[in-house]
Amino acid sequence: MENGCKNHSAVTVLRRSAAMTLAAVTALSLAACGNADGGESAPAKEWAYVPEFITIDDENVDYYDMQLLGENIYYLSNDWDEETGESSQNICKYSLADQNLVSTPITWSEEGGNKSISRGKFAEDGTMYAIMYAYNDDYSESRQFLAKFDAEGKQVFSSDMTELVGEDSYVDTLAVDGEGRIYITGDSVIWLFDGEGNSQGTVSMEGGGSTWIDTMACGRDGSMYVGYNSYDGNNSTYVLCEVDFDGRKLGEPCEGVSRSSGFVAGTEYDFLMNDSTALYGYNLGDKERKYLFDWLDSDINGSSVRKFGQMEDGRIVAVIEDWESEDRGIALLTKKKAEEVPQKETILIATMGGSYNLQSKAVKFNKASDTYHISIKEYVNYDNFTENTWSDALANLNNDITSNNCPDMIDLSSVNISQMAAKGVLEDLGPYLERSSKLNREDFVENILDAYTYEGKLVSIPNYFSMQTVVGSPSMVGSEEGWTLEELINLANEYPDAELFDNASKEAILQAAMMFNEDAFINWETGECSFDTDGFKNILEFVNRFPDEVKWEEGMDSEYTRIQNGEVLLSNAYIYDFDQIQMYSEIFQGDYNCVGFPTVDGTGGHALTAAEAYAITAKSEKKDGAWAFLESILASEEEDRWRSGFPTRKAKLQEMAEKAVTPDYITDENGEIVLDDNGEPIASSGTSSIGYEDGWSYTYHQTTQEEVDRVMELMNIAKPVSYNGNDEISKIINEEADAFFKGQKSVDEVAGIIQNRIHNYVGENR
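Enquirer: Could you give an account of the sheet that holds strand E19 (residues 236-244), with specific residues and numbers?
Expert: Judged by pairing direction, the sheet is antiparallel, and its four strands sit side by side in the order E17-E18-E19-E20 without closing on themselves. Edge strands, defined here as strands with exactly one partner in the open sheet, are strand E17 (211-218) and strand E20 (249-250). Here seven bridges tie strand E18 (residues 224-231) to E19, and the two strands are oriented antiparallel to one another. Of the residues in E19, the one forming a bridge with Tyr231 is Ser236.

Enquirer: Can you explain helix H2 (residues 356-368)? Please cite residues and give values.
Expert: Look at H2: 19 Å from first C-alpha to last across 13 residues, which is about the 18 Å you get at 1.5 Å a residue. Among all positions in H2, only Leu358, Gln359, Ser360, Lys361, Ala362, Val363, Phe365 and Asn366 are buried. The inward-facing, buried residues of H2 contact strand E26 (316-322), strand E28 (343-351), strand E29 (372-378), strand E37 (614-616) and helix H14 (623-634).

Enquirer: Could you give an account of the packing of helix H15 (residues 650-661) against helix H16 (residues 705-715), with specific residues and numbers?
Expert: Two elements in contact, H15 and H16, have axes separated by 9 Å at closest approach and are oriented at 150°. Accordingly, the angle class assigned to the pair H15 and H16 is roughly antiparallel. As H15 packs across H16, the resulting crossing turns out to be right-handed. Facing Leu653, Ala657 and Val661 of H15, the residues of H16 in contact are Gln705, Val708, Met712 and Met715. Classifying every residue of the contact of H15 with H16 by side-chain character gives six nonpolar, one polar and no charged.

Enquirer: Outline helix H3 (residues 389-401), listing residues and values.
Expert: The terminal C-alpha atoms of H3 lie 18 Å apart, and with 13 residues this matches the ideal 18 Å at 1.5 Å per residue to within 8%. Those residues of H3 lying buried are Thr389, Trp390, Ser391, Ala393, Leu394, Leu397, Asn398, Asp400 and Ile401. For H3, the elements touching its buried residues are E28, E29, strand E30 (409-411), helix H4 (417-423), helix H17 (728-741) and helix H18 (747-765).

Enquirer: Please provide a residue-by-residue account of the packing of aromatic side chains, values included.
Expert: Throughout the structure, instances matching the rule amount to 23 aromatic pairs. Relative to Phe271, the ring of Tyr225 has its centre 5.0 Å away and its plane inclined at 80°; by these criteria the two rings are edge-to-face. Placement of the pair is Tyr225 in strand E18 and Phe271 in strand E22 (residues 271-274), with a sequence separation of 46 residues. On the accessibility criterion, Phe271 (1% relative accessible area) is buried. For the pair Tyr280 and Tyr291, a centre-to-centre distance of 6.0 Å together with 70° between the ring planes defines the contact as edge-to-face. With Tyr280 in strand E23 (residues 278-282) and Tyr291 in strand E24 (residues 289-294), this pair connects stretches of sequence that are eleven residues apart. Judged by its relative accessible area of 34%, Tyr291 is partly exposed.

Enquirer: Go over the environment of Phe245, please, and point to the residues and values.
Expert: Secondary-structure assignment places Phe245 in the loop between E19 and E20. Between the alpha carbons of Phe245 and Asp194 there is a distance of 9.7 Å; along the sequence they are 51 residues apart. Beyond its immediate chain neighbours, meaning those up to four positions away, Phe245 contacts Arg181, Ile182, Tyr183, Leu192, Phe193, Asp194 and Gln200.

Enquirer: Explain the nonpolar core residue by residue, including any values.
Expert: Counting residues in each nonpolar core, the largest one holds 87 residues, and the members touching the most others are Phe578 and Phe646. At six residues, the largest contribution of residues to this core is made by H14. For Phe646, the residues in contact, after removing those within four places along its chain, are Asn463, Tyr464, Phe465, Met467, Ile575, Tyr576, Asp577, Phe578, Leu653, Met656, Val711 and Met715.

Enquirer: Please give an account of the sheet that holds strand E7 (residues 86-95) that cites residues and values.
Expert: Overall, antiparallel pairing links the four strands, which are arranged E5-E6-E7-E8 in an open sheet. On the outer flanks of this sheet lie strand E5 (67-69) and strand E8 (101-105), each paired with one strand and no other. Taking each pair of neighbouring strands and ignoring which way they run, the sheet shows an average axis angle of 35°. Pairing between E5 and strand E6 (residues 72-81): three bridges, direction antiparallel.

What counts and what doesn't
Residues numbered from 1 in each chain as written. Predicted model: local features only at pLDDT ≥ 70, side-chain atom pairs only at ≥ 80, totals over all residues. Heavy atoms only, no water. Pairing = 2+ DSSP bridges. Helix = DSSP H or I, 4+ residues; strand = E, 2+ residues; numbered from the N terminus. Expected span 1.5 Å × (residues − 1). Buried < 20%, exposed > 50% of the residue type's maximum accessible area, 1.4 Å probe, protein only. Contact = heavy atoms within 4.5 Å. Axes fitted to C-alpha atoms, helices over the stretch in contact; angles between N-to-C directions. Parallel < 35°, antiparallel > 145°, perpendicular 65-115°, else oblique. Left-handed = near helix turned anticlockwise from the far one by under 90°. Nonpolar A, V, L, I, M, F, W, Y, C, P; charged D, E, K, R; others polar. Phe/Tyr/Trp six-rings, centres within 6.5 Å; stacked < 30°, edge-to-face > 60°. Core = buried A, V, L, I, M, F, W, Y, C linked by side-chain atoms within 4.5 Å.

Now the structure itself:
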């Protein structure tokens, strides 16, 4: 197992306090027509939750740990005094009624010492319970306390819990129930305290290390509830149950509860629950949660909702901190009849899952558009994830595409693009690009557009991309780019005592062999398949030479050490930046060749993985709106702070390449480069390195133009993979091949079964 990481020098930034100002910005959201769970046949939503957005102009504001109590929001701030060079902490109370902020300094009962508090939990009267850390002078030792502070910021008590927690545990969550009793979680345990801070025992979670606490909150009934995940080795289950303080145990699990990223007491429901996409209400007696609304319909990225709650008048309060868009603030959502709110046309985007960045971009578009509203439907159900969930999700997506529920756009990550293109369900974006006043075809890397062109139709224009390839020594794989499956097998035969890839199992070798060869055995245009041929049988027989699974053992050498020792032949390289490729000169102790994954015809097999690659469906009746959203993403001049990969727009890619080869040095107030004691300029970015426990390490040098050119060459020939390991084709192959691998059936029998199953599948889905 690798545990190396790339380390960069850090620059410590101290936040300093400034004059406090408050600004409130209100915005009415236009309600969306339709429903994210359906298409044309979906009924219009009855209710709209209209947001009013408020921002607190305070550089010390902490949106992450805010807490709603009545009409007030409380949080703990960390302030820096520039004159004294000292930090202090304050209890901050923000009134939603009059938008007034009161900051109260914390005062300690003991003089001296270095103290800080965290995980503050507030009561209705402004009292705060928190975890307090006390450090010695050099911060080499610390102790943990449960502390209470009154509304004036004065310390009421502190209870030392250092020994109770122990060195191997950590404190995570603090909560207070309706009787003022205190609950603290960490690892797989709940520590119990009375209202005076006296320890009252613990509650241990069943499952120990395979159980981890997610959320703890007081319910509407005043009792304490905990939400936790339990992993049995195969599946993860989410459980919500009451904490029995007196009995020091957990109650029976609540029924009908799905995975939640947070729950709080409601005014109409026992709990409000957030799953990062929508908000739900849940009553303990109902045994099922009730859908309330999608965050996106209220112009909010649900994944960025850090805290939420409900006011006595029924309004929902959401604390937002979106790291992608840098949006931070508070949203007050008022429930209104949908017909009372101006309507927009809904553009429905289908995605398999993981829509954080997509939601962020949708929010930005929705706020700017008076005509269209982006809604997102995730097909993977992570609340009930089993081995069939992904296949079922793909089947549901395919069914929707061929029905009246066809989405307007499709996120192409984790789907078989060749299959969809062959079915004719994807719109040609070429004419839209030609008519665009913001974009031209010449703006993009040509090979990226070619890679997403099928039968003359440009089905998608990705925003970013990364690459994956196979790297080896020229003495083993030659100096030319590209090789065949036969050549790969010959290499393995030539070095029988070495591993082909580091700790590669049957499944990994099968995916490497099939990554660019699925289309060699399937013709989506005609429906013909050829999995019963010698070519595919040879793949199965080759894969059968490898272990079923590989277990990492303590003390094993890293992949790169094993390559240099001759124990491993090839490396699977992921390339998403210009500086990564240089490391392979060190790994292979000289020159290296990006030979790529093997293909039937020997052409280069460099995998192109796109990010933000969306297609417009041919059946959509809102193509202009769908293109407007896609165009807003591609034409944006803003830099995505969390992107990983290369931009497809040439101008941005060239800027990235120039930055990679240009040294960045520290300058003084006059703009002059600062020199070290040897008269050499001091790099501002520090030195990056990668290292492993076995001692292998590499320190990166300034990227050279030759290295940039080498990466650019790969961009010009990389293409999307046809076999991604998640689709129904790979599922069929893995299921049936297992009988051959276990010796239960011959290779001819298995190849015949695979041929029949895939032939039927292709016939039904092309």
